[in-house]
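Read off the chains here:
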Amino acid sequence: MSLIVQKFGGSSVANAERVLHVAKIVTDTYAKGNSVIVVVSAQGDTTDDLIAKAEEINPKASKREMDMLLSSGEQISIALLAMAIESLGYPVKSLTGWQAGFQTDSSYGNSRIRRIQSERVEHELGKGNICIVAGFQGLNRYDDITTLGRGGSDTSAVALAAALHADLCQIYTDVDGVYTADPRIANKAVKLDEISYDEMLELATLGANVLHNRSVEMAKKYNVPMEVLSSMKDLPGTQIKEVVDVEKMLIRGVARDNDVARLSIIGVPDRPGVAFKVFSTLSAKKINVDIILQSIGRDDTKDISFTVSRSHKQAAMDILEELKNSLGAKAVVCDDNVSKVSIVGAGMQSNPGVAAKMFEALGAANINIQMISTSEIKISVLIHLNDSERAVNAIHDAFII
Ligand code: ADP
Ligand code: ASP
Ligand code: MG
């Protein structure tokens, strides 16, 4: 007998028909003699709709109250799925995140799981119940409800799988696996049979939102075997595991992230300590900086550009405006009509020429590169937002077809 954690995302439980279909997948797994824990997200666009409702009333609502509101979406799903499973005649218990013992750090809106006190879940499994657990939510040390950040139900599922030493964590979604690029953007994208934790972590972090990046980080840390598969079609999915054959493909996939803004401080004095001043001030305000570019000094001044997520744009602008005066810079510029497109693949470490091939594909498509950043297994470029989808396709087809 195995312990299997199955997670179903919003589109998989969007309406009564889908909920009943999910109940069938779950009970089939249970009927084969497995213990089953199910993690569900809020139905369809519920989380977005709840955010819109809050905006109507108070666009500056506290994060605590936002978490109180947003966690309600998952609570609806667990009850409905449990009712569907009851209707099929199987023993089932739905549990909120806090009933399932999810303890998080004290922050709201993007909290991290500290530990799972899994006694209740174990007790229910011991009684032969299928356990349905609300994803995306936990309780902090003030006994307040917290949420794990958008897409966080994947992380709830992997955390339960890790805590209970599950044999497998299946992430059911609206695509039948991890593709070489978002299949909604790249029509030539192909499904991967397998991908390593490291490559999947990079792809998810660089914008492939098929998995919450923290779920992959956790799966790697606790060695949880993961599978991404369709809740709608009965097809083999993608296995995510420690080692895969890196020889087969030079790059594993292309990701894009439109949640980027580029900021520049122009004409700062070309002297030691300036970059330190800029980035230490940003980091003191907890603003994460991604790609950084500094121009070569000319006429005793230089320009420093960097990217941040759009939610940090205003705060970063305010800091740069202040620094402009104290450092004696000429101007501060911001552009959020940008997109970051990246390639990921462990195979590129041992193959020179990957960057050149990526830039060639962009050049041939007449797409201008604004910034570049590289690491061992990824290369990212910042380009104009309007070029984003064309860039994904041009790069994808240069490497993968
Ligand atoms: P869920 O609601 O099940 O959590 P998500 O919308 O969070 O589903 O994730 C699934 C979506 O991820 C797909 O519909 C697809 O558009 C997108 N996606 C982005 N990159 C990829 C990729 N490389 N492979 C597969 N899907 C991807
Ligand atoms: N419902 C949450 C969201 O929409 C969590 C999730 O779907 O994973 O982000
Ligand atoms: Mg998701």
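Before reading on, note that the structure itself is shown above.
Let me begin by describing the structure that accompanies this report. Quick caveat: nothing in here was measured; it's all calculated off a predicted structure.

### Looking at a nonpolar patch on the surface
There is a patch of nonpolar side chains on the surface, built from Ile-76, Leu-80 and Met-83 and spanning about 260 Å² of accessible area. Here Met-83 lies in helix α3 (residues 63-87). For Met-83, a relative accessible area of 49% corresponds to the partly exposed category.

### Here's the deal with the site of ligand 2
In the vicinity of ligand 2, the contacting residues are Ser-41, Ala-42, Thr-47, Glu-74, Phe-136, Arg-150, Gly-151, Gly-152 and Ser-153. Between Gly-152 and ligand 2, the recorded distance is 3.4 Å, taken from a backbone N or O atom to an oxygen atom. Considered on its own, ligand 2 offers 260 Å² of accessible surface; in the complex 86% of this is hidden by protein.

### Digging into the sheet that holds strand β16 (residues 301-308)
The 4 strands lie next to each other as β15-β16-β14-β17, forming an open sheet whose pairing is antiparallel. A single partner strand is all that each edge strand has here, and the edge strands are β15 (292-294) and β17 (331-335). For this sheet, the mean angle separating the axes of adjacent strands, direction not counted, is 15°. Across 5 bridges, strand β14 (residues 261-269) lies against β17 in antiparallel orientation. Looking at the pairing, Ser-264 lines up with Val-333 of β17. The strands that helix α8 (residues 274-284) touches are β14, β15 and β16; relative to β16, the one it contacts most, it runs at about 25°.

Conventions we followed
Residues numbered from 1 in each chain as written. Chains lettered and ligands numbered in written order. Predicted model: local features only at pLDDT ≥ 70, side-chain atom pairs only at ≥ 80, totals over all residues. Heavy atoms only, no water. Patch = residues over 30% accessible without salt bridge, like charges linked within 9 Å, V, L, I, M, F, W, Y side chains within 5 Å. Areas by Shrake-Rupley, 256 points an atom, 1.4 Å probe, with all protein chains shown as cover. Salt bridge = Lys/Arg side-chain N within 4 Å of Asp/Glu carboxyl O. Helix = DSSP H or I, 4+ residues; strand = E, 2+ residues; numbered from the N terminus. Buried < 20%, exposed > 50% of the residue type's maximum accessible area, 1.4 Å probe, protein only. Near = heavy atom within 4 Å. Polar contact = N/O pair within 3.5 Å; in protein donor to acceptor, adjacent residues only side chain to side chain. Pairing = 2+ DSSP bridges. Axes fitted to C-alpha atoms, helices over the stretch in contact; angles between N-to-C directions. Contact = heavy atoms within 4.5 Å.

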